[in-house]
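The chain contents come next:
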Amino acid sequence: AREEQKKREIALKREIENPPEPPVATKHFEMMEEKEQADAEAARERARSKAPMKPLPVNYFTKKGDEETAANAKAARDRAEAVQPDAVKYFTRKAEADYEAKVREFEQGSDSMPEATKYFNKLALEKEEEKLLAEKEGNVELMPAAIQKFTLEAEEQ
């Protein structure tokens, strides 16, 4: 029994000193794990090396769309004016000037306007001025980074 014990101890010592080669599957999974760790570290390095995205205001895409719409409308208007007779151009400009005068009168308030309408128009103008002032000062709500990233990527495509 003691001889068998010694044989087992010697065999155990030999296995500890010279372990048997691991199975192929074990090697494969160890290599996969090392590759995943290397890929993760490479991704971390790429992320660290990138410059941070400049935050955009929440209404960035709305403003950009409005600008594109205005540019398209101006181009369409220029094309239409190129073929319009002079009389049509004159009356079109006159109608636009009349409309702008009515809008200004409405914003400023006329004598025939009810007091409540004048008050709420004044209140709306003040809010609009505060909003414009906040935008000029840089106090605008910023778009969340994830939404910004994916929206910009989608826009590029």
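Here the structure is shown first, and the text comes after it.
Read on for a plain summary of the structure. Residue positions are given per chain, counted from 1 along the sequence in the order it is written. Predicted model: local features are reported for residues with pLDDT of at least 70 only, side-chain atom pairs are reported and counted for 80 or more only, and whole-chain, interface and lining totals are derived from all residues. As a rule here, side-chain values cover all heavy atoms of the structure and leave hydrogens and water aside.

## A short note on the pattern of salt bridges
Two side chains bearing opposite charge may form a pair once their charged atoms approach each other closely. Rule in force here: Just to be clear on terms, a salt bridge is a Lys or Arg side-chain nitrogen sitting within 4 Å of an Asp or Glu carboxyl oxygen. Secondary structure elements follow DSSP: runs of H or I of four or more residues count as helices, runs of E of two or more count as strands, with numbering from the N terminus. For every residue, the accessible area obtained with a 1.4 Å probe (protein chains only) is divided by the maximum for its type, and the residue is called buried under 20%, exposed over 50%, and partly exposed between those limits.
Under the definition given, this model contains 12 salt bridges. For Glu-41, the salt bridge identified is with Arg-44, shortest N-O distance 2.9 Å. A residue pair is termed a helical-turn pair when its members lie 3 or 4 positions apart in one helix, as Glu-41 and Arg-44 do in helix H2 (residues 24–49) at three residues. Residue class for Arg-44 comes out partly exposed when judged on its relative accessible area of 42%. For the salt bridge of Asp-78 with Lys-74, the shortest nitrogen-to-oxygen distance reads 3.2 Å. Residue Asp-78 and its partner Lys-74 are located together in helix H3 (residues 60–83), separated by four residues, close to a single helical turn. Assessed through its relative accessible area of 37%, Asp-78 is described here as partly exposed. What makes Lys-74 exposed here is its relative accessible area of 53%. Overlapping salt bridges bring together Glu-41, Arg-44, Glu-45 and Arg-48 as one network.

## As for the packing of aromatic side chains
Put simply, the test is: Working definition: rings of Phe, Tyr and Trp (its six-membered ring) pair if their centres are within 6.5 Å, and the pair is stacked with planes under 30 degrees apart, edge-to-face with planes over 60 apart, and tilted otherwise.
By the definition in use, this model includes three aromatic pairs. Between Tyr-119 and Phe-120 the ring centres are 5.1 Å apart and the planes differ by 75 degrees, which places this aromatic pair in the edge-to-face class. Since its relative accessible area comes to 52%, Phe-120 is described here as exposed.

## What to know about a negative patch on the surface
Selection criterion: Patch membership needs two things, relative accessible area over 30% and no salt bridge, and members are linked within 9 Å if like-charged or within 5 Å if nonpolar (Val, Leu, Ile, Met, Phe, Trp, Tyr). Each accessible area is a Shrake-Rupley result for a 1.4 Å probe, and residues are judged covered by the shown protein chains and nothing else. As used throughout, the charge tally considers Lys and Arg to be positive and Asp and Glu to be negative, leaving His and the chain termini uncounted. Where a charge sits is defined by one atom per residue type, namely NZ (Lys), CZ (Arg), CG (Asp) or CD (Glu).
There is a patch of like negative charges on the surface, built from Glu-30, Glu-33, Glu-34, Glu-36 and Asp-39. Counting through the fold element by element, Glu-34 comes out in helix H2.

## A look at the environment of Lys-63
With respect to the element layout, Lys-63 can be found in helix H3. Classification of Lys-63 by relative accessible area gives partly exposed; the value is 37%. A sequence separation of 39 residues divides Lys-63 from Lys-102, and the C-alpha atoms of the two residues are 26 Å apart.

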